[in-house]
Amino acid sequence: MTVLNNTTLPHLPGNILVPAYDRSKVTPGIAHISVGNFHRAHQAVYMDRVLDRPGQAGWGLLGIGLMENPHEAEKAKDMAAQDCLYSLTECAPDAPNVVRVIGSITEYMYAPADRAATIARLADPAIRIVSMTVTEGGYYVDENGVFPVDHPLIAEDLKRAVPHTVFGLLTEALRRRRESGAGPFTILSCDNLPQNGHVARTAFLGWARARDAGLAQWIEENVTFPCTMVDRITPAVHPDDIRRLDAESGIDDRIPVFCEDFIQWVVEDKFCAGRPELDAVGVQFTDNVQPYEEVKLHMLNASHSLLGLSGVLSGYRVVSEIMEDLHEVTLVEQYLAFDAEPLLHAPPGMALTEYGRRLLHRFRNRAISDQLLRIASDSTSKLPMFIKSTAMGVIAHRRPVDRIAFVVACYAEYLRGHDDKGQAYAIVEPHLTDDDRVKAASPRLEDALDMSAFAGWELGDNPGFVQVYLSLRQSIRDNGTRATLATVVSKGK
Ligand code: CS2
């Protein structure tokens, strides 16, 4: 098997697609914070296409790892060993996989190794956009739209001369740029949250105001925060996947990624320091991203949460497998048709029913074997983004609450850490508080409705909802999740 780096790139097996542009001429114009699998399967792919166009060589990607942990430190070593190259396997449901090497990331920094150097690098005027995938919970903005400067992690970081958080690093880089006359960069959120640009703006300005009011005002006046809708299903990559992908590609890649063949990016055209020719490589630009993101979050991501939470409890682990379960599929179909769609406004040219049909087709893609535990992870941050507005709309319109109550009950039960068969699984819930844990475990089942994930949903204020929730949650315990789901879907509309 061939190792992957600049030297071996021209000699890879003939079926592997490789960058046609000269990477030695590419310099970073975008810094990306938190280079996870999703970024490497999504934005980095669009940038790979951009770099293939004339005059775009100044738009390479500088990847920045932010979290201080062994996994991230290892990733930095792997990126360095491979000259930031990696293979991406794109899996269509009904065609052979396509393997391509992505070359758009040309530099990588592990911020915890030298935060001051990272700030200095971000202050380089060549960097004109800083994009990020820091997860749904990574913005800290609460249900009232407030950035909590007294949150222990934020308060601690605000005191540091050289901060650790994304807010601190970027603000300090902007301070330098203001002083040097380098000007602002665009801050581009690529996370799954409604109005992600506005949320990012609230978070960064909230931080900056607490640190330096004058700088905050400069940021407010000069930095733009476009909203974006990002979409590509990208499973987690476990050691077994690395072995399988490498055997298939014939490349000894330490950091391969795989994903579905579908890709979409809708972006608000609001870049304060220029942007690459993304419109020429399939990115949709619009004045209003909101209808796109609402459809995506409330249909795709919400369906994922439904499947993830109920599926894990029922003993499933893979999305394409759960799609063979008629009740699970019916749950998603009913949720989309009766709960989510009536509250959505389709963007021009998009038919919601067709979008929903296409989603189910994407979920059935066996080639990506996406993990339900990946989807269920961090539900504490995801449910407010994916389910809350549908839940509140359904309750406000006095429509049947069974499916909403079911997913709420499943979340609380999922936090117990074992499925209906008693099989334990790892709960990855970085934003679950100690108080949440107490409420999830409370014998008074209604206490779970006060967990932080449900802040502002007003679930407890609705006796009809509470009653359905209590009976479903008790039924999950007494009869199991599958049997409970059967009763939920039998009600239909
Ligand atoms: C998933 C998303 O993590 C999740 O809950 O719903 O990662 C989903 O796969 C992507 O948003 C698809 O674009």
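Structure first, text after, so check above.
Residues numbered from 1 in each chain as written. Predicted model: local features only at pLDDT ≥ 70, side-chain atom pairs only at ≥ 80, totals over all residues. Heavy atoms only, no water.

### Digging into the site of the ligand
Which entries qualify depends on this criterion: Any residue with a non-hydrogen atom lying within 4 Å of a molecule or strand is treated as near it. Any pair of N or O atoms that falls within 3.5 Å is considered a polar contact. Within protein, one atom must be able to donate a hydrogen and the other to accept it, and sequence-neighbouring residues count only if both atoms are side-chain atoms. Per-residue accessibility takes into account occlusion by the displayed protein chains alone, with areas from the Shrake-Rupley method and a 1.4 Å probe. To qualify as a helix, a DSSP run of H or I must reach at least 4 residues; to qualify as a strand, a run of E must reach at least 2; elements of each kind are numbered from the N terminus.
Residues in close proximity to the ligand include Asn-192, Asp-231, Arg-232, Ile-233, Lys-296, Leu-300, Asn-301, His-304, Arg-374, Ile-375, Lys-382 and Phe-386, which together make up its full environment. Here an oxygen atom of the ligand sits 2.9 Å away from a polar atom, N or O, in the main chain of Arg-232. For the ligand, an oxygen atom lies 2.9 Å from a polar atom in the side chain of Asn-301. For the ligand, whose free accessible area comes to 340 Å², the fraction covered by protein is 93%. By residue number, the principal contributor to the shell around the ligand is helix H10 (residues 290-314), which donates 4 residues.

### A closer look at the packing of aromatic side chains
Defined as follows: Note on aromatic contacts: the rings of Phe and Tyr and the six-membered ring of Trp form a pair at centre separations within 6.5 Å, being stacked when their planes are under 30 degrees apart, edge-to-face when over 60 apart, and tilted otherwise. Each residue gets one of three labels from its accessible area relative to the maximum for its type: buried under 20%, exposed over 50%, partly exposed in between, using a 1.4 Å probe on protein chains only. A ring has a charge above it when a Lys NZ or an Arg CZ is no more than 6 Å from the ring centre and no more than 35 degrees off the ring normal.
Applying the stated criterion across every chain yields a total of 9 aromatic pairs. Each ring, one from Tyr-46 and one from Trp-265, has its centre 5.6 Å from the other, and the planes form 40 degrees; the classification is tilted. Pair noted here: Tyr-46 is in helix H2 (residues 43-51) and Trp-265 is in strand S12 (residues 264-268), with a separation of 219 residues, a long-range link. Classification of Trp-265 by relative accessible area gives buried; the value is 2%. With a centroid separation of 5.6 Å and an interplanar angle of 10 degrees, the aromatic rings of Tyr-414 and Tyr-425 are classed as stacked. Here Tyr-414, found in helix H17 (residues 402-414), pairs with Tyr-425, found in the loop between H17 and helix H18 (434-441); they are 11 residues apart in sequence, far enough to count as distant. Taken as a pair, Tyr-414 and Tyr-425 share a single burial class, namely buried. Three or more aromatic residues joined by ring pairs make a cluster, and in this case those are Tyr-140, Phe-147, Phe-167, Phe-204 and Phe-225. Lying over the aromatic face of Tyr-86, Arg-40 brings its terminal NZ or CZ to 4.6 Å of the ring centre.

### A look at the sheet that holds strand S7 (residues 129-132)
This is how the line gets drawn: Pairing between two strands requires that DSSP report at least two bridges joining them. Where helices are involved, their axes are fitted lines through C-alpha atoms of the stretch in contact, as for all axes, and angles between N-to-C directions lie from 0 to 180°.
Ordered in space as S6-S3-S2-S7-S8, the 5 strands form an open sheet in which the pairing is parallel. A single partner strand is all that each edge strand has here, and the edge strands are strand S6 (105-110) and strand S8 (186-189). Taken over all neighbouring pairs, the strand axes of this sheet differ in orientation by 25 degrees on average, direction set aside. In the sheet, strand S2 (residues 28-33) pairs with strand S3 (residues 60-65) via 5 bridges, with the strands oriented parallel. Its bridge partner being in S3, Ile-33 is matched across the sheet by Ile-64.

### Notes on the state of the cysteines
Disulfide: a covalent bond connecting the sulfur atoms of a pair of cysteines. Definition in use: In this description, the term disulfide denotes a pair of cysteine sulfurs within 2.5 Å.
Within this structure, the stated rule accounts for 0 disulfides. You can see Cys-84 has no disulfide; the closest cysteine sulfur is in Cys-190, sitting 18 Å from it.

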